[in-house]
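Chain by chain, the residues:
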Amino acid sequence: MMGRTLSNTMLNLGIDSSCDEALYQLGLDIEDLESEEPDAGLGNGGLGRLAACFLDSLATLGYPAYGYGIRYQYGLFNQVISDCDQIEKPDSWLTYGNPWEKARPEYLIPVKFYGSVRTRPDGRKEWVDTQTVIAMPYDTPIPGYDVNTVNTMRLWSAKSPKNFDLSYFNHGNYIDAVLDSNMAENISRVLYPNDNFFEGKELRLKQEYFMVAATLVDIIRRYNINQTETFSSKSQQYAAFPEKVAIQLNDTHPSLAVPELLRILMDEEGLTWDEAWKISVGTFAYTNHTILPEALERWPVSMLERVLPRHLEIIYHINYLHLQNVRDRFPGDDDRIRRMSLVEETGGKRINMAYLSVVSSHAVNGVAAIHSSLLTTSLFKDFFEMNPEKFQNKTNGITPRRWLLLCNPNLCDLLAEKIGDGWRKDLYQLEKLKDYQSDKIFLQQLFKAKQENKRKLAQYVFDKYGIELNIGSMFDIQVKRIHEYKRQTLNLLHVISLYNKIKSNPNADFVPRTVMFGGKAAPGYHTAKQTVSLICHVANIINNDPIVGDKLKVVFLENYRCSLAEIIMPAADLSEQISLAGTEASGTGNMKFMLNGALTIGTLDGANVEMREEMGDDNIFIFGMRIPDVEKLWKDGYDTRRYLARIPELDLILNQIKSGYFSPGNPHKFQDFVDNLVNNDRFCVIADYEAYVECQERVSELYLDWMKWSEKCLMNIASSGKFSSDRTIKQYAEEIWNIEPITIDLSPPKTGESN
């Protein structure tokens with residue numbers, strides 16, 4: 001999720017002010033130019049955006065690194081709301097070309113699929129009778145901030161080999177060639193839009209293998225051309241590979257890199273299994289990003305056998321040796337052997353790709369302290385007991401360049417005046433702001449900067465939707481992928497409770513709120529799409545009720561994306577991070593809001609836990625069950641009806657939704673939605689409702705005192721240092737990759753006549 005490149009590149013090169021002034025002299029507005037660039041949405045949700053932040057930090061810190069991915073012709077879909085329903089439109093971001101990329105046809109790589117495996121006379125395996133797709137690399141420069149480092153993002157595009165074989169066309173096979181070309185190029189045609197949900201489609205498997213196969217050939221080519229010694233054997237040639245190459249598996253999507261590297265080293269380079277395995281384990285490290293069962297990749301053996309037969313053989317052998325080790329460590333524990341097998345037998349044979357990644361990596365990490373702890377006590381408990389030294393934590397972070405310097409100039413001007421600019425590359429320097437916690441003039445300036453940012457977002461909402469927002473109202477914002485575990489429904493139930501309070505007593509005092517939602521629902525995720533629809537229906541009723549007026553407004557921000565987030569984050573008063581405890585791995589939106597001075601209402605989940613540690617209990621609104629409470633609730637038998645009998649206002653809200661109060665044109669539209677919530681409240685929305693509403697009342701009470709509110713905003717900003725992706729990347733570099741930063745000094749430009 002790279003977003004727009006122009007503004008970020010000008011900023012990192014230090015030419016943004018010069019370009020702004022130059023265009024102004026020509027009578028042009030640089031913001032108009034920047035708005036013409038489409039967002040490059042080549043990833044899903046937070047994981048895709050995290051990778052983009054990491055690339056920025058790698059370059060800024062001077063680490064030599066490549067980011068690899070697929071150059072999808074169509075990125076994450078564009079979301080359109082029509083009659084309160086989400087409609088998906090293709091994101092054809094390459095329609096007018098991409099000026100930031102350079103095609104590199106000199107590095108074309110063939111990638112094979114299907115076929116069969118045979119044993120050669122020398123005992124080595126050979127993958128034969130395959131179908132070939134060509135991987136064409138496109139390079140995008142990634143400049144660091146205020147340094148001379150420019151790293152590379154290399155994206156692969158799928159091409160048919162027939163495109164490079166004129167004889168195929170010349171022999172009258174034109175139609176077949178075109179059809180064959182389309183089949184091959186489908187691999188990089190479109191990004192699968194599912195986030196936190198595994199969809200075992202063959203095309204997705206081919207996309208994953210296509211990316212890792214091309215990438216590994218590229219890495220090995222670069223390793224070999226940089227070798228300065230002459231080796232007497234292939235074993236010697238590749239012995240230093242793990243010292244020169246570190247590959248981070250960003251979740252399990254690239255985990256097929258493990259059997260692919262082993263295949264190359266054994267089948268093509270002639271190494272033994274033991275030699276290849278030692279190199280492979282030393283090279284790979286694995287980051288887990290979710291513990292949700294439905295998000296974990298489990299590829300059917302039948303599909304792997306057809307598409308990647310040699311790789312299945314290699315995975316089986318990894319599993320055989322792995323289970324031998326388990327037997328040696330835990331003799332007689334057959335149930336443990338079943339639990340730890342990479343091959344799952346229930347419901348059809350499948351390969352557990354997370355288990356494969358753990359077994360095949362020298363380091364395994366989660367992305368927040370609580371998440372990493374959960375990995376060792378639940379998802380990977382058996383593996384942790386066997387190899388505890390493998391497991392680490394690397395709390396996620398965000399780049400302060402895009403998520404403060406670029407998107408919030410009003411706040412940055414204030415920071416520069418008080419503490420200078422050092423925070424741009426050392427975010428811990430924001431702690432200096434704590435000296436101004438009681439400075440009323442500075443707090444007033446902070447409040448004013450927030451109001452300016454709210455005005456900008458309000459203008460966007462008015463221009464886009466014709467809805468006029470009350471700038472003095474609390475901007476209460478939840479933007480993220482739509483998913484049941486993120487609990488947008490809980491937020492909406494509270495909104496309806498506020499609406500009901502206003503309707504029942506219009507003259508009572510009320511702290512005005514503007515509640516904004518944003519996020520895309522995966523096209524095949526019915527409950528998520530119903531959630532979007534319900535939000536929009538509720539918004540229509542509330543926003544058009546004259547009794548409510550500007551006390552309460554609800555807005556669904558269509559087509560949430562990186563460039564829109566850059567307007568939203570600086571404008572938020574309240575950040576909603578309300579996932580059920582134990583379900584969100586980390587979150588990064590929570591960090592962006594915090595850095596821009598929003599207060600957080602949230603559960604003790606993901607990085608919220610560490611945010612609270614950094615800023616202190618008084619500066620965050622924590623509510624709801626902790627992980628042990630959730631476990632006890634299910635153990636004792638969770639019955640939603642007991643809660644509804646005790647909370648009549650919630651029972652009323654659910655009946656309003658179910659009876660069609662908010663959808664009068666289709667009164668039965670949300671019956672199933674409510675029934676599912678009552679009968680299968682998997683993420684404990686109803687159980688946490690009371691605590692959430694009570695916490696929101698404390699939020700409203702504090703908002704009435706702008707001085708105290710601003711003090712807490714300042715403490716949020718000042719406590720954000722830990723959540724820089726620079727810190728995260730430095731930890732990866734020092735504790736997993738074992739690499740050092742490289743400082744690049746450029747000679748000054750030549751002067752004088754000789755120039």
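Residues numbered from 1 in each chain as written. Predicted model: local features only at pLDDT ≥ 70, side-chain atom pairs only at ≥ 80, totals over all residues. Heavy atoms only, no water.

**What about the overall build of the chain?**
Helices and strands together make up the secondary structure of the chain, namely 32 helices and 22 strands. On C-alpha atoms alone, the chain measures out to a radius of gyration of 27 Å, which is about the 27 Å that the 2.2 N^0.38 rule sets for 755 residues. Summarising its shape, the C-alpha atoms of the chain cover approximately 90 × 80 × 55 Å along the three principal directions. A burial count over the chain gives 58% of its 755 residues as buried. Counting contacts in the chain only where the partners sit at least 6 residues apart, residues at least 24 apart contribute 76% of the total. By element, 50% of the accessible surface of the chain is carried by carbon and sulfur atoms, the whole surface being about 31900 Å². Both charge centroids of the chain, one from 81 positive and one from 101 negative side chains, sit 2 Å from each other. (Helix = DSSP H or I, 4+ residues; strand = E, 2+ residues; numbered from the N terminus. Rg over C-alpha atoms; globule rule 2.2 N^0.38 Å. Buried < 20%, exposed > 50% of the residue type's maximum accessible area, 1.4 Å probe, protein only. Contact = heavy atoms within 4.5 Å. Areas by Shrake-Rupley, 256 points an atom, 1.4 Å probe, with all protein chains shown as cover. Lys, Arg positive; Asp, Glu negative; His and termini not counted. Charge placed at Lys NZ, Arg CZ, Asp CG, Glu CD.)

**Brief notes about the pattern of salt bridges**
In total, this model carries 51 salt bridges according to the counting rule given. Here Asp-39 ties to Arg-4 by a salt bridge, and the two come within 3.6 Å at their closest N and O atoms. Of this pair, Asp-39 sits in the loop between helix 3 (30-35) and helix 4 (45-61) while Arg-4 sits in the segment before helix 1 (6-13), and the two are 35 residues apart along the sequence. Note that Glu-106 is salt-bridged to Arg-104, the shortest N-O span being 2.8 Å. Sharing partners across several salt bridges, the network here consists of Asp-333, Asp-335, Arg-336, Arg-338, Arg-339, Lys-381, Asp-382 and Glu-385. (Salt bridge = Lys/Arg side-chain N within 4 Å of Asp/Glu carboxyl O.)

**A short note on the packing of aromatic side chains**
Across all of its chains, the model carries 27 aromatic pairs by this definition. Taking 6.3 Å as the distance between ring centres and 65 degrees as the angle between the ring planes, the aromatic pair formed by Tyr-355 and Phe-380 counts as edge-to-face. In this pair, Tyr-355 is assigned in helix 15 (residues 353-359) and Phe-380 in the loop between helix 16 (369-379) and helix 17 (381-386), connecting sequence segments 25 residues apart. Its relative accessible area of 0% is what places Phe-380 among the buried residues. An aromatic cluster of three or more residues is present, and its members are Tyr-286, Tyr-355, Phe-380, Phe-383, Phe-384 and Phe-391. Above the plane of the ring of Phe-113 lies Lys-206, whose end atom (NZ or CZ) is 5.4 Å from the centre. Directly above the aromatic system of Phe-475 lies the positively charged group of Lys-454, at a separation of 4.7 Å from the ring centroid. (Phe/Tyr/Trp six-rings, centres within 6.5 Å; stacked < 30°, edge-to-face > 60°. Lys NZ or Arg CZ within 6 Å of the ring centre and 35° of its normal.)

**A few points about the sheet that holds strand 20 (residues 574-577)**
Taken in spatial order, the six strands make up an open sheet running 19-18-17-20-21-22, and their pairing is parallel. Of all the strands in the sheet, the pair left with one neighbour each is strand 19 (552-557) and strand 22 (621-622). Pairing geometry for strand 18 (residues 513-518) and strand 19, over six bridges, is parallel. Bridging from a neighbouring strand, Gly-518 pairs with Leu-557 of strand 19. Helix-sheet contacts for helix 20 (residues 440-465) involve strand 17 (474-479), strand 18 and strand 19, and the interaxial angle to strand 19 is about 75 degrees. Against the sheet, helix 22 (residues 526-543) makes contact with strand 18 and strand 19, and its axis sits at roughly 145 degrees relative to strand 19, the strand it touches most. (Pairing = 2+ DSSP bridges. Axes fitted to C-alpha atoms, helices over the stretch in contact; angles between N-to-C directions.)

**What to know about the packing of helix 4 against helix 32 (residues 725-737)**
Close contact between helix 4 and helix 32 brings their axes to 9 Å; oriented N to C, the two are set at 75 degrees. In this view, helix 4 runs roughly perpendicular relative to helix 32, as classed from their interaxial angle. Across the interface between the two elements, Cys-53, Phe-54, Ser-57, Leu-58 and Leu-61 from helix 4 touch Ser-725, Asp-726, Thr-728, Ile-729, Lys-730, Tyr-732 and Trp-737 from helix 32. Grouping the amino acids of the contact of helix 4 with helix 32 by side-chain chemistry returns seven nonpolar, three polar and two charged. (Parallel < 35°, antiparallel > 145°, perpendicular 65-115°, else oblique. Nonpolar A, V, L, I, M, F, W, Y, C, P; charged D, E, K, R; others polar.)

**Describing a negative patch on the surface**
Together, Asp-20, Glu-21, Asp-29, Glu-31, Asp-32 and Glu-36 make up a region of like negative charge exposed at the surface. Contributions of two or more residues to the negative patch are made by helix 2 (16-25) and helix 3. Classification of Asp-20 by relative accessible area gives partly exposed; the value is 37%. (Patch = residues over 30% accessible without salt bridge, like charges linked within 9 Å, V, L, I, M, F, W, Y side chains within 5 Å.)

**Notes on a nonpolar patch on the surface**
On the surface, Ile-742, Ile-744 and Leu-746 cluster together into a nonpolar patch covering about 290 Å² of accessible area. Among the structural elements, Ile-742 can be located in the segment after helix 32.

**Thoughts on unusual backbone geometry**
At Cys-84, a residue that is not glycine, the phi angle is positive and equals roughly 70 degrees. Take Cys-84: it is sitting in the loop between strand 2 (75-82) and strand 3 (85-91). In this model, Cys-684 sits at a positive phi of 55 degrees, which is unusual for a non-glycine residue. With respect to the helices and strands, the residue Cys-684 is situated in the loop between helix 29 (671-679) and helix 30 (685-703).

**Topic: the state of the cysteines**
Under the counting rule described, the total for this entry stands at zero disulfides. This cysteine, Cys-407, is not joined by any disulfide, and Cys-412 carries the nearest cysteine sulfur, 7.5 Å off. For Cys-407, a relative accessible area of 7% corresponds to the buried category. Cys-53 provides the cysteine sulfur closest to Cys-562, a residue in no disulfide bond, and the two sulfurs are 8.0 Å apart. (Disulfide = S-S within 2.5 Å.)

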